[in-house]
Amino acid sequence: MANYNGKELSLSNSALIAGISLLIMVLTTPFAEFSIFPKLIDYENPTITAENIINNKYLFSTAIFLILLTLIADITASWALYFLLKPVNKSLSLLTAWFRLIYTAMYFSAMYNLLSILSVINSLENIKHTRIEQINDSILLYFKAFRVEGSFGLIFFGIYLILLGYLVYKATYIPKAFGIILIVAGLSWVVDNLSIFFFPNLNTQFLFFLTMGELAFMLWLLIKGSRLKNLELYNK
């Protein structure tokens, strides 16, 4: 086993960066998802949805940039957690990081639907010939597409959490309980988002709290993980 040569992130710095990245997500995503979007979106009424977004364009734009910050934090977290769990299994840690990056790329793609809504709103003066009903329908359609594409990406996020949980469980320097919590959270994300495609009428709201396992891990990363010692854990 080779000594850590100082050219890569230490375990403590990896944990701290990952913890801060996850904390940023906690501060950004809930505000967009649970505060802004519910005020603007009426899934049953395209007219109300369009009027809400048009009259609150800057609020809608704020939600978009909060999601953008979340995705940037996702990339940073996947990078830091790769180094944190590299001593356990370098190849599997790399694969795990790729699953989070794939999810992030898919969510970036889904976010283009939100940008399309802004494009429609900003072009209203140039599409006066288009029936207002068509414009309203297209705005709601873009948002629903964002939801469907985002849900598909979250299946990959669930797989990522399962792999992450396995690595955490195998790590000798992280409590095994967090590995179990992450695996349960990953399975919950997979089931919850697969149900949207195969069992749309199935009520999976009870899984919401189980999907929050990464938040418990975030607290450990910030409080305990940031004090980890390398102890020659890195393999070349």
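A quick note: this is a predicted structure, and the numbers were derived from the prediction, not measured. (Residues numbered from 1 in each chain as written. Predicted model: local features only at pLDDT ≥ 70, side-chain atom pairs only at ≥ 80, totals over all residues. Heavy atoms only, no water.)

**Describing the environment of F31**
Assignment of secondary structure puts F31 in helix α1 (residues 11–40). In this structure, the C-alpha to C-alpha distance between F31 and T62, residues 31 residues apart in sequence, is 9.8 Å. (Helix = DSSP H or I, 4+ residues; strand = E, 2+ residues; numbered from the N terminus.)

**Re α1**
With 30 residues, α1 extends 42 Å between its outermost C-alpha atoms, agreeing within 8% with the 44 Å of an ideal straight helix rising 1.5 Å per residue. Along α1, the sharpest change in direction is near 30 degrees and occurs at A32. (Expected span 1.5 Å × (residues − 1). Bend = angle between axes of the 7 residues up to and from the residue.)

**Here we look at the UniProt feature "transmembrane region" (unreviewed entry) in the protein chain**
Under the local residue numbering, the UniProt record ascribes the feature "transmembrane region" (unreviewed entry) to residues 15–38, 58–85, 97–121, 150–169, 178–199 and 205–223. Helix makes up 100% of residues 58–85 and strand 0%, with an end-to-end C-alpha separation of 40 Å. For the annotated span residues 150–169, helix accounts for 100% and strand for 0% of the residues, and the straight-line distance between the end C-alpha atoms is 28 Å. (UniProt positions renumbered as here; feature names shortened; annotations may be inferred.)

**Some points on the side chain of S10**
Mapped onto the elements, S10 comes out in the segment before α1. With a relative accessible area of 11%, S10 lands in the buried category. A polar contact is formed between the side chain of S10 and the side chain of S12, at a distance of 3.2 Å. From its side chain, S10 meets the backbone nitrogen of N13 in a polar contact 3.1 Å long. (Buried < 20%, exposed > 50% of the residue type's maximum accessible area, 1.4 Å probe, protein only. Polar contact = N/O pair within 3.5 Å; in protein donor to acceptor, adjacent residues only side chain to side chain.)

**Brief notes about the environment of L81**
In this structure, L81 sits in helix α3 (residues 57–85). Separated by 21 residues in sequence, L81 and F60 have C-alpha atoms that sit 31 Å apart. Those residues within four positions of L81 in sequence are excluded, and the remaining contacts are A18, S93, R100, Y160, L164, F217 and L221. (Contact = heavy atoms within 4.5 Å.)

**A closer look at the packing of aromatic side chains**
This model, assessed by the stated rule, comprises 18 aromatic pairs. With centroids separated by 6.2 Å and ring planes inclined at 55 degrees, the aromatic side chains of F37 and F60 adopt a geometry described as tilted. A residue pair is termed long-range when its members are at least 10 positions apart, and F37 in helix α1 and F60 in helix α3 qualify at 23 residues. Using a relative accessible area of 0% as the deciding quantity, one classes F60 as buried. Relative to F156, the ring of F152 lies with its centre 6.1 Å away and its plane at 65 degrees, an arrangement referred to as edge-to-face. Here F152 pairs with F156, and both are found in helix α5 (residues 132–170), just four residues apart, close to one helical turn. Judged by its relative accessible area of 41%, F152 falls in the partly exposed class. For F156, a relative accessible area of 23% puts it in the partly exposed group. Above the plane of the ring of Y58 lies K57, whose end atom (NZ or CZ) is 5.7 Å from the centre. (Phe/Tyr/Trp six-rings, centres within 6.5 Å; stacked < 30°, edge-to-face > 60°. Lys NZ or Arg CZ within 6 Å of the ring centre and 35° of its normal.)

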